[in-house]
Amino acid sequence: MDWRDHGILLTSRRHGETSAIIEVFTESHGRHAGVVRGGTSRKIAPVLQPGAQLDLLWRARLEEHIGTFQVEPLRSRAAAAFSGRLALAGLNAVVALLSFCMPEREPHPGIYKQTEQLMDLLGQDEVWPLAYMRWELALLEELGFGLDLSRCAVNGATEGLSFVSPKSGRAVSSEGAGEWAGKLLPLPPCLRGEGNAPDEEIAQGLRTTGYFLQHRVAPSLGHSPIPEARARFIDQFNRRL
């Protein structure tokens, strides 16, 4: 069994004296793990950094085996990741959520493409938070927990949409919310792809996507809490508000 693909490195850990086990998110084979022989060497270890874009050749005797990877670097994102605290926290949040959320060995080319585009924006702190929020929205959609923000769940209105129902994931207008407004999640214009997306709105959008990651995605995976790396990114972002 063998295949060739390109992907984004999520994690790397030492295996034995000289090898490493890596987990990658690939376009055609999804989240996939394998052994890299000599992965701790001076030549290969610097390549195996989270976020790195790799050309991968996977081989195994049987498909269910962990198999081995031959890796070739396509693009390093280390310089961008270490350009500032926000960039590093953002990269860690992305790779942690992909490791946490994505089913093993199941292709999701749509979210892979969006992840690759997001990673290429690392270090561009003015645009990264909005791109990241949209990525979380797309991740929810990919996992079957997409939000319906097109019209009010109460009265069908398409104007004045200000909230999201935590139960249904559907938009609610200010008029439709009534006395329940305090129990609903915020729906800033940027979450619908509208407006100039100031940081305060992005923070509101991340509060809403974070709710569904915590209360819908995590329970579907066994009631595990979402990775702390996301909270650290949100904290780092909130410092500039």
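Residues numbered from 1 in each chain as written. Predicted model: local features only at pLDDT ≥ 70, side-chain atom pairs only at ≥ 80, totals over all residues. Heavy atoms only, no water.

Draft legend 1. Structural context of helix H7 (residues 228-238). Residues of H7 that are buried include every one of Ala-229, Arg-230, Phe-233, Ile-234, Gln-236 and Phe-237, and no others. Axial view of H7: buried residues confined to an arc of 160 degrees, hence all on one face. The outward face of H7, more than 90 degrees from its buried face, is lined by the exposed residues Glu-228 and Arg-232. Among the structural elements, helix H2 (85-101), helix H4 (128-142) and helix H6 (199-220) are those in contact with the buried residues of H7. (Buried < 20%, exposed > 50% of the residue type's maximum accessible area, 1.4 Å probe, protein only. Helix = DSSP H or I, 4+ residues; strand = E, 2+ residues; numbered from the N terminus. Arc of directions from axis to C-beta. Contact = heavy atoms within 4.5 Å.)

Draft legend 2. Representation of unusual backbone geometry. Here the phi dihedral of Arg-105 falls at roughly 60 degrees; this positive angle occurs in a residue that is not glycine. Using a relative accessible area of 29% as the deciding quantity, one classes Arg-105 as partly exposed. Located in the positive-phi region is Ala-197, a residue other than glycine, with phi close to 55 degrees. Structurally, Ala-197 is set in the loop between strand E8 (185-186) and H6. The class of Ala-197 is buried, set by a relative accessible area of 12%.

Draft legend 3. Spatial organisation of the packing of H6 against H7. Orientation of H6 relative to H7, taken along the N-to-C sense of each, is 165 degrees, at an axis distance of 11 Å. Taken together, the axes of H6 and H7 are roughly antiparallel relative to one another. Of the two elements, H6 crosses H7, and the hand of that crossing is left-handed. Contacts between H6 and H7 involve Asp-199, Ile-202, Ala-203, Leu-206, Thr-209, Gly-210 and Leu-213 from the first element and Arg-230, Phe-233, Ile-234, Phe-237 and Asn-238 from the second. Here the residues of the contact of H6 with H7 sort into seven nonpolar, three polar and two charged. (Axes fitted to C-alpha atoms, helices over the stretch in contact; angles between N-to-C directions. Parallel < 35°, antiparallel > 145°, perpendicular 65-115°, else oblique. Left-handed = near helix turned anticlockwise from the far one by under 90°. Nonpolar A, V, L, I, M, F, W, Y, C, P; charged D, E, K, R; others polar.)

Draft legend 4. View of H4. Here H4 contains 15 residues, and its C-alpha end-to-end distance of 20 Å stays within 8% of the 21 Å for a straight helix at 1.5 Å per residue. For H4, the full list of buried residues reads Trp-128, Pro-129, Leu-130, Ala-131, Tyr-132, Met-133, Trp-135, Glu-136, Ala-138, Leu-139 and Leu-140. Next to the buried residues of H4 lie H2, helix H3 (109-119), H6 and H7. Of the residues one or two after H4, Gly-144 is the one with positive phi, at around 90 degrees. (Expected span 1.5 Å × (residues − 1).)

Draft legend 5. Highlighting the pattern of salt bridges. In this structure the tally under the stated criterion is eleven salt bridges. Between Arg-75 and Glu-116 there is a salt bridge, with its nearest N and O atoms 3.6 Å apart. You can see Arg-75 sitting in strand E5 (residues 68-75) and its partner Glu-116 sitting in helix H3, a full 41 residues away along the chain. Under the relative-accessibility criterion, Arg-75 is labelled partly exposed at 33%. Owing to a relative accessible area of 15%, Glu-116 belongs among the buried residues under this scheme. Across the pair Asp-120 and Arg-77 runs a salt bridge, and its minimum N-O distance is 2.9 Å. Taken together, the residues span a long stretch of sequence, with Asp-120 in the loop between H3 and H4 and Arg-77 in the loop between E5 and helix H1 (78-81) at a distance of 43 residues. On the accessibility criterion, Asp-120 (37% relative accessible area) is partly exposed. (Salt bridge = Lys/Arg side-chain N within 4 Å of Asp/Glu carboxyl O.)

Draft legend 6. Representation of the side chain of Asp-199 within the structure. Note on placement: Asp-199 falls in helix H6. Of the polar contacts made by the side chain of Asp-199, one reaches the side chain of Arg-240; its length is 2.8 Å. Ignoring any residue separated from it by four or fewer positions in sequence, one finds Asp-199 in contact with Phe-237, Arg-240 and Leu-241. (Polar contact = N/O pair within 3.5 Å; in protein donor to acceptor, adjacent residues only side chain to side chain.)

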